[in-house]
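Residues per chain, in single letters:
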Amino acid sequence: MEDDAPVIYGLEFQARALTPQTAETDAIRFLVGTQSLKYDNQIHIIDFDDENNIINKNVLLHQAGEIWHISASPADRGVLATCYNRTFCYVPSLDSFGALGKSAAQLFIALATSSDSKVLTCAAVWRMPKELESGSHESPDDSSSTAQTLELLCHLDNTAHGNMACVVWEPMGDGKKIISLADNHILLWDLQESSSQAVLASSASLEGKGQLKFTSGRWSPHHNCTQVATANDTTLRGWDTRSMSQIYCIENAHGQLVRDLDFNPNKQYYLASCGDDCKVKFWDTRNVTEPVKTLEEHSHWVWNVRYNHSHDQLVLTGSSDSRVILSNMVSISSEPFGHLVDDDDISDQEDHRSEEKSKEPLQDNVIATYEEHEDSVYAVDWSSADPWLFASLSYDGRLVINRVPRALKYHILL
C-alpha cells in the first residue's frame, strides 16, 4: 500500500461528531460519536497504527442520546465531553383520567408522548474505562466482545439556558475549565471534585432582535487563554473570559450561516471561518472590516475548518459537497516566505535563482482534494500526535484517515 493511500473505516451508524485525543500522547487517536434513533448510541475509539496502516477500534456505549458534538480533555486522556439529544415527554398519571377508564387513558398517553415530546440538546462530561486510556489497547474480537459503558462524571446543567451547541476546553489548562454554548448563552464552567461537579463560574448572553443562537465556538490558545470566539447567524464575536465581555464583532462575516471557526495556532490575531455561503474566510481580529483572504473552492456548505497545529499554512475544510480540501495558505502563515521550493530550484546550477526566489512570498494554492466520501462531510480534524495526518467524517458513518502528501511534507521540513 502506498504511504499516501487513505485508510477508510465504516461505523455502520450515521455520525457527525469527531475529535482527536488532545491530552499528551504518542498515540494517533480519534473519537467518533454516532447518531441513531433505533439503537444505543456509541463512541468509537479509533487508534491508528501508522507503521502497519491499520485501525484498532473500541466501542463505548453512550446511552444518553444522539451525539452532536464531542471534545476531548487537553489534560486527561480518559475524559471527554459530549453534546447529545434527550427527549422529554409530559406523561400524566393514570389516576388523573378518572372515569375515562384505564385503556382510554393509556391510549391518550401514547398519543401525547408521540406528539408532545420535547427534544433538548444537553451536555455532560464522561470518563472512559481506565484500560482504554493509553491508546495501546488492541481491538477485541468483534464476535465475542461487548461494548463497555462510559462513566458519567457530571452534567452541564442547561435547563435555564436552552440547547447546547458545543463544549470547548481551555486549550492549555489543567482540564478544569470549559465553555459551553447554549442557545444565546456563553457559559464558563469550573470542573471540581475530579470533574464530578460542574460549577457555573460566569456567563454572558447575546442580546438583540430575533432568535439569536450560537452555532459554534473555539477557545484561543493565545493571550493566556483568555479569549473565546463564537459564531451566531452570520456574525463572529470575540469574548474576554475574565469579564465575559465582547472584545470584537465581525458582522456579516459570511453571506449565510457561519458553521465553524478556528484560531491560527502561531499567529495570535488570525482566525478562520466557514459557512453556508460555500466560503472559507481568514480574519485579522485587529482589523475586521474585511477578510485577509477568502477561499471559494467548495460547491456547498462548508461545515468545518481546521488549522494544522504545527504548520499553520496547512488548512483543512470539509463540506456538504462530500469533499475534503487541503489548502496551502502560506501567504498569511507564520512563515510567508516558507521553505517550499521546486525540486528544480535546488540544483547547483540555479543556486542564485533559488536564493532570489526565496525572498518572495509563496503563492497560496489547493494542495489536494479528497473525494473518498459519498455523503456530507460534517467534521475534519488533525491528529494531535502526528501533524501530517488527519481524519474526516461523513454523515453515513465513513471515517477516512489521510496524510499530507509526502512531497509537500519534505518540502516544508527541508
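Residues numbered from 1 in each chain as written. Predicted model: local features only at pLDDT ≥ 70, side-chain atom pairs only at ≥ 80, totals over all residues. Heavy atoms only, no water.

(A) The arrangement of the side chain of Glu-133 in detail. In this structure, Glu-133 sits in the loop between β8 (118-127) and β9 (148-149). Assessed through its relative accessible area of 8%, Glu-133 is described here as buried. Side-chain polar atoms of Glu-133 contact the side chain of Arg-127, separated by 3.1 Å. Once residues within four sequence positions are removed from consideration, Glu-133 is found in contact with Gln-21, Arg-29, Asp-76, Arg-77, Gly-78, Arg-127 and Met-128. (Helix = DSSP H or I, 4+ residues; strand = E, 2+ residues; numbered from the N terminus. Buried < 20%, exposed > 50% of the residue type's maximum accessible area, 1.4 Å probe, protein only. Polar contact = N/O pair within 3.5 Å; in protein donor to acceptor, adjacent residues only side chain to side chain. Contact = heavy atoms within 4.5 Å.)

(B) Quick look at the UniProt feature "repeat: WD" (unreviewed entry) in the protein chain. The UniProt record annotates "repeat: WD" (unreviewed entry) at residues 251-287. Along residues 251-287 the backbone is 0% helical and 46% strand, and the end-to-end C-alpha distance reaches 12 Å. (UniProt positions renumbered as here; feature names shortened; annotations may be inferred.)

(C) Geometry of the sheet that holds strand β15 (residues 214-219). The strand order β15-β16-β17-β18 describes an open sheet built from four strands, whose pairing is antiparallel. Single-partner strands in this sheet number two, and they are β15 and β18 (245-250). Taking each pair of neighbouring strands and ignoring which way they run, the sheet shows an average axis angle of 25°. With five bridges connecting them, strand β17 (residues 235-240) and β18 associate as antiparallel partners. Across the sheet, Gly-238 pairs through a bridge with Tyr-248, a residue of β18. (Pairing = 2+ DSSP bridges. Axes fitted to C-alpha atoms, helices over the stretch in contact; angles between N-to-C directions.)

(D) Highlighting the environment of Arg-306. With respect to the helices and strands, Arg-306 occurs in strand β23 (residues 302-307). Residues Arg-306 and Ala-379, spaced 73 residues apart in sequence, show a C-alpha to C-alpha distance of 9.5 Å. If we ignore the near neighbours within four places in the chain, the residues touching Arg-306 are Arg-218, Asp-260, Leu-261, Asp-262, Leu-314, Val-315, Leu-316, Val-380, Asp-381 and Trp-382. A polar contact is formed between the side chain of Arg-306 and the side chain of Asp-381, at a distance of 3.5 Å.

(E) Quick peek at the pairing of strand β14 (residues 197-205). Pairing between strand β13 (residues 185-192) and β14: eight bridges, direction antiparallel. Each bridged residue has a counterpart across the sheet, and for Leu-187 the counterpart in β14 is Ser-203.

(F) Focus on the sheet that holds strand β1 (residues 7-10). Strand order in the open sheet made by the four strands is β1-β29-β28-β27, with antiparallel pairing throughout. The open sheet has two edge strands with one neighbour each: β1 and β27 (377-382). Taking the axes of each pair of neighbouring strands and ignoring which way they run, one obtains an average angle of 15° across the sheet.

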